[in-house]
Amino acid sequence: MEKYLSQLNDAQLAPTIQVDGPMIIIAGAGSGKTRVLTYRIAYLMSKGVDSFNILALTFTNKAAKEMKGRIADIVGDSEAKNLWMGTFHSVFAKILRFEGHHLGYPSNFTIYDTQDSQKLMGSIIKEMGLDKDIYKTKQVYSRISSYKNSLITVKAYFKNPELMEADAMARRPRIGEIYKEYVDRCFKAGAMDFDDLLLRTNELLTRFPNVLAQYQNKFRYILVDEYQDTNHSQYLIVRALADRFQNICVVGDDAQSIYAFRGANINNILNFQKDYDDVKMYRLEQNYRSTKNIVGAANSVIEHNKTKLDKIVWTANDIGEKVIVHRAMTDGDEGRFVASTIWETKMNHQLQNSDFAVLYRTNAQSRAIEDALRKRDIAYRIYGGLSFYQRKEIKDVTAYLRLILNQADEEALKRVINYPARGIGQTTVDRLIVEANASNKTIYDVIKTIDSISININNGTKNKLRDFVTLIESYKVMNQTANAFDLAEHVTKTSGLIRELGKDGTPEGITKLDNVQELLNGIKDFVEGQLELADAGDSLAEFLEDVALATDLDADKGDPDHVALMTIHLAKGLEFGHVFIVGMEEDLFPSGMSMNTRSELEEERRLFYVALTRAEKQAYLTYTLSRYRWGKLIDAEPSRFIEEIDDEFVNITTPLKERFNPMLDASIFGDIAPNKVRFAKPKTAKMPKKKTKSKPENFEISAPKKMVPVSEAESDSDTLNTKLEVGSKVNHQRFGRGEVIKLEGKGADAKAEIKFQKGDTKKLLLRFAKLQIMRE
Ligand SMILES: Nc1ncnc2c1ncn2[C@@H]1O[C@H](COP(=O)(O)OP(=O)(O)OP(=O)(O)O)[C@@H](O)[C@H]1O
Ligand SMILES: [Mg+2]
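Keep in mind the model is a prediction, meaning the values are calculated, not measured.

(A) Representation of the site of ligand 1 within the structure. As a matter of local geometry, ligand 1 sits amid 19 residues, with Lys-33, Thr-34, Arg-289, Glu-575 and Arg-614 nearest to it. Ser-31 is positioned with one of its backbone polar atoms (N or O) 3.2 Å from an oxygen atom of ligand 1. Between Arg-289 and ligand 1, the recorded distance is 2.8 Å, taken from a side-chain N or O atom to an oxygen atom. The biggest single contributor to the shell around ligand 1 is helix 2 (residues 33-46), with 3 residues. Residues belonging to the shell around ligand 1 are distributed by class as follows: 3 nonpolar, 10 polar and 6 charged.

Here you go:
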């Protein structure tokens with residue numbers, strides 16, 4: 001048997017080595033679904049399935065990358081490279097590059113990200129003279145997006161009186177017209193938005209049976225992770241592709257379906273058995289990720305949902321610590337609790353920042369946490385905010401690159417036509433747009449033929465427009481021979497972009513310049529990676545596709561040792577040693593907007609289940625008594641979800657006031673970051689060599705000849721005395737036996753430097769070190 005298969009339990013092994021036919025694995029969090037999917041791919045290849053014939057769809061590009069890396073470890077790099085693996089969006093963007101021409105798209109079509117789409121929608125709303133307070137861009141965008149994901153095309157929309165009526169009732173009777181104009185404009189610009197990547201793939205596979213047959217043959221084995229969160233459009237694509245060979249393996253957990261608000265349909269997983277013949281169903285029950293307490297807590301929560309499949313999740317892992325529930329006064333206090341706990345835990349267990357994650361319901365909650373982490377000098381990273389590639393300076397550079405590839409790209413052109421400023425004003429651009437719409441040409445073509453048309457633009461401006469076209473044409477020429485990096489560097493210099501950013505000497509300006517440099521580095525890496533593959537191909541086009549589909553979760557930028565901050569939605573599928581779920585308050589989590597129906601509330605509960613099950617060792621739940629929301633301090637109440645956890649798995653700590661402790665309270669440090677305090681030279685550097693007079697207060701001594709844990713902070717002070725001295729023999733939970741070589745600090749601040757038998761010397765805060773003292 002292949003060696004890697006021994007890393008699976010029997011229940012996992014069965015679906016892994018089941019080669020043919022439709023199959024579904026429904027199992028709880030942390031039970032190895034993703035591992036099975038990964039190993040199954042390696043197994044298929046070992047059984048002679050050609051790597052070119054396998055398609056694996058994951059929830060994030062990061063997950064695909066990790067999976068591919070793992071498979072490469074088993075089957076070797078060169079084979080793993082042939083696998084088609086990625087998110088629905090990235091895989092189908094790739095197919096549309098090859099096949100989009102059937103639908104009238106150029107192979108170099110642009111992908112509009114959400115920002116581009118919303119900008120275009122905003123300008124259409126403006127051009128149509130609609131009230132922007134009623135036709136709010138974001139709302140119109142999400143409405144149209146939901147039509148697209150339900151495969152309601154413009155044509156279908158206008159055939160459906162109910163939809164039209166619903167929009168009219170919502171005081172937006174002209175949504176249909178906006179929809180039509182938006183679709184036309186994207187098409188004319190040679191652009192697809194995110195929803196198009198699925199909608200057009202569906203259109204392609206439905207309208208062109210030959211194309212469908214070709215991809216059915218190619219993807220003989222299809223695997224889908226996180227199947228519970230597929231939407232209707234994704235569902236149809238998978239069904240169509242798997243229809244011929246029916247070698248489809250989907251894995252998921254109905255209890256982790258959390259994207260209904262974005263069109264995910266839980267019925268896709270519930271009805272899978274009806275969709276195919278002879279579906280093999282597998283269940284995994286053993287959780288390998290979390291402690292018994294975490295698994296127990298998560299199970300007891302999800303029990304409260306009525307709509308669910310019955311599942312068993314158990315673990316053979318340690319019992320671990322109970323889930324800690326902490327009450328804070330305000331969101332500021334909550335942040336300080338998180339930061340100080342991370343700091344102490346790191347110190348006492350010699351952990352990394354990357355062992356911690358802070359999860360929240362809404363992005364707005366990150367600010368208080370960030371402030372507190374910054375004060376303590378703890379490196380963190382926010383995932384899912386504005387991604388690197390969505391920053392203005394980066395979008396400006398990529399807009400030039402997009403325009404070089406596709407001059408029809410309206411959003412790219414509008415971005416750079418007067419940036420850096422070259423005297424082409426908004427009025428001119430508006431006139432160009434009107435002319436382009438009237439003559440059904442692209443804006444770029446209008447400019448190119450500016451001499452032969454009648455347009456109200458003065459000669460001076462016409463010259464500037466001509467210069468702009470000449471500049472872009474010169475880049476196009478360069479693109480035929482130069483690689484993407486050389487081209488991009490040339491563009492940033494000669495377009496005046498770098499000069500423009502350089503004028504701004506503020507720290508923000510400098511950061512922007514650094515970001516542009518970082519982008520260039522990224523392009524360089526990309527190009528070099530491609531050269532390695534001996535596939536220099538159309539490197540610019542591929543780079544831009546990666547950029548358009550990159551989410552912030554995918555970018556591995558900066559110091560990897562950081563605390564991860566993200567919404568729970570984004571944390572799906574991930575795992576961390578220690579997880580803080582903050583803002584456990586009614587109206588926030590569950591969200592105030594999701595308490596009207598049982599199904600909404602149950603989705604919130606599933607979200608909480610996802611959050612809890614990210615933790616391996618320790619989960620913390622925090623709530624506040626009052627919190628700033630919408631600019632006001634409002635009273636908060638603990639979330640109902642806290643009470644839903646069985647008592648045996650939680651430890652509801654005493655209120656903050658009673659826990660007051662100078663060591664933990666950031667205010668006592670003023671501006672000094674505590675981790676600097678930690679490294680500062682102690683004032684009491686010269687400790688007596690032998691019997692020390694200093695008595696760390698919070699320290700309890702064990703009975704003679706017995707190993708007794710030293711109590712923690714809350715110990716009764718009467719029992720706190722110490723005979724601990726230099727030379728004492730101690731035992732530490734993690735580091736084992738050692739000898740005290742130095743003592744310093746007093747009271748809550750007392751530390752001991754201990755030389756452990758394993759060779760390390762560590763300085764530990766006695767208050768939390770849980771030392772056991774060996775007395776002879
Ligand atoms: N048989 C096993 N032996 C040891 N570790 C395992 C085994 N199966 C899974 N694991 C580990 O347990 C953790 C959870 O596995 P995995 O991420 O595959 O679970 P999952 O079911 O996909 O979870 P989620 O529902 O959160 O996506 C991972 O760290 C994985 O490496
Ligand atoms: Mg998984």
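(B) Region of interest: the packing of helix 2 against helix 3 (residues 61-75). Contact pair helix 2 / helix 3: the axes reach a minimum separation of 10 Å and the direction vectors enclose 40°. By the angle between their axes, helix 2 is oblique relative to helix 3. Read as a crossing pair, helix 2 and helix 3 show a hand that is right-handed. Residue-level inspection shows Thr-34, Leu-37, Thr-38, Tyr-39, Ile-41, Ala-42 and Met-45 of helix 2 in contact with helix 3, the latter providing Met-67, Arg-70, Ile-71, Ile-74 and Val-75. Class assignment for the residues of the contact of helix 2 with helix 3 results in 9 nonpolar, 2 polar and 1 charged.

(C) Representation of helix 16 (residues 292-302) in the model. Summarising burial for helix 16: 9 of the 11 residues are buried, a large majority. Within helix 16, burial applies to Asn-293, Ile-294, Val-295, Gly-296, Ala-297, Ala-298, Ser-300, Val-301 and Ile-302. The inward-facing, buried residues of helix 16 abut strand 9 (286-287), strand 10 (314-315), strand 11 (323-328), helix 29 (598-612), strand 16 (615-624) and helix 30 (640-644).

(D) Layout of the sheet that holds strand 14 (residues 563-567). Strand order across the open sheet formed by 7 strands is 13-14-12-15-16-11-19, with parallel pairing between neighbours. Two strands lie at the open edges of the sheet, namely strand 13 (380-382) and strand 19 (650-652), each paired on one side alone. The average undirected angle you get between the axes of adjacent strands in this sheet is 20°. On top of the sheet, helix 16 reaches strand 11 and strand 16; it is set at about 55° to strand 16, its chief contact. With respect to the sheet, helix 18 (residues 366-375) is in contact with strand 12 (356-360), strand 13 and strand 14, its orientation differing from that of strand 13 by roughly 160°.

(E) Region of the structure containing the pattern of salt bridges. By the definition in use, this model includes 44 salt bridges. With a shortest N-O distance of 2.8 Å, Glu-181 and Arg-185 are connected by a salt bridge. Remark: Arg-185 and Glu-181 occur in helix 10 (residues 175-188); sequence separation between them is 4 residues, near one turn of the helix. For Arg-200, the salt bridge goes to Glu-203, with nearest N and O atoms at 2.7 Å. With Arg-200 and Glu-203 both in helix 11 (residues 194-207) and 3 residues apart, the pair spans about one turn of that helix. Connected through shared salt-bridge partners, Glu-127, Glu-181, Arg-185, Glu-410, Glu-411 and Lys-414 make up one network.

(F) Broad picture of the UniProt feature "binding site: ATP" (unreviewed entry) in the protein chain. Listed under "binding site: ATP" (unreviewed entry) in the UniProt record, and renumbered for this structure, are Ala-27, Gly-28, Ala-29, Gly-30, Ser-31, Gly-32, Lys-33 and Thr-34. With respect to the secondary-structure elements, Gly-30 resides in the loop between strand 1 (23-27) and helix 2. Mapped onto the fold, Ser-31 is located in the loop between strand 1 and helix 2. Note on Ser-31: relative accessible area 1%, which makes it buried.

(G) Region of interest: the packing of aromatic side chains. A full pass over the atoms with the stated rule returns 20 aromatic pairs. Members of the aromatic cluster, each reached through a chain of ring pairs, are Tyr-147, Tyr-157, Phe-158 and Tyr-179. Just above the ring of Trp-84 sits the side chain of Lys-94; from NZ or CZ to the centre is 4.2 Å. Note that Lys-392 overlies the ring of Tyr-419, its terminal NZ or CZ placed 3.9 Å from the centroid.

(H) Focus on the environment of Ile-258. As for its position among the elements, Ile-258 is in the loop between strand 7 (248-252) and helix 14 (267-270). Owing to a relative accessible area of 0%, Ile-258 belongs among the buried residues under this scheme. It is 10.0 Å that separates the C-alpha atoms of Ile-258 and Glu-600, two residues lying 342 residues apart in sequence. Ignoring anything within four residues of it in the chain, the contact list for Ile-258 reads Asp-229, His-569, Lys-572, Glu-603, Arg-606, Leu-607 and Val-610.

(I) Representation of the packing of helix 10 against helix 21 (residues 426-439). Taken N-terminus to C-terminus, the directions of helix 10 and helix 21 make an angle of 90°; their axes are 12 Å apart at the nearest point. Relative to helix 21, the element helix 10 lies roughly perpendicular. Contacts from Glu-181, Arg-185 and Lys-188 of helix 10 reach helix 21 at Ile-433, Ala-436 and Asn-437. Its residues assigned to classes, the contact of helix 10 with helix 21 shows 2 nonpolar, 1 polar and 3 charged.

What counts, and at which threshold
- Residues numbered from 1 in each chain as written.
- Chains lettered and ligands numbered in written order.
- Predicted model: local features only at pLDDT ≥ 70, side-chain atom pairs only at ≥ 80, totals over all residues.
- Heavy atoms only, no water.
- Near = heavy atom within 4 Å.
- Polar contact = N/O pair within 3.5 Å; in protein donor to acceptor, adjacent residues only side chain to side chain.
- Helix = DSSP H or I, 4+ residues; strand = E, 2+ residues; numbered from the N terminus.
- Nonpolar A, V, L, I, M, F, W, Y, C, P; charged D, E, K, R; others polar.
- Axes fitted to C-alpha atoms, helices over the stretch in contact; angles between N-to-C directions.
- Parallel < 35°, antiparallel > 145°, perpendicular 65-115°, else oblique.
- Left-handed = near helix turned anticlockwise from the far one by under 90°.
- Contact = heavy atoms within 4.5 Å.
- Buried < 20%, exposed > 50% of the residue type's maximum accessible area, 1.4 Å probe, protein only.
- Pairing = 2+ DSSP bridges.
- Salt bridge = Lys/Arg side-chain N within 4 Å of Asp/Glu carboxyl O.
- UniProt positions renumbered as here; feature names shortened; annotations may be inferred.
- Phe/Tyr/Trp six-rings, centres within 6.5 Å; stacked < 30°, edge-to-face > 60°.
- Lys NZ or Arg CZ within 6 Å of the ring centre and 35° of its normal.

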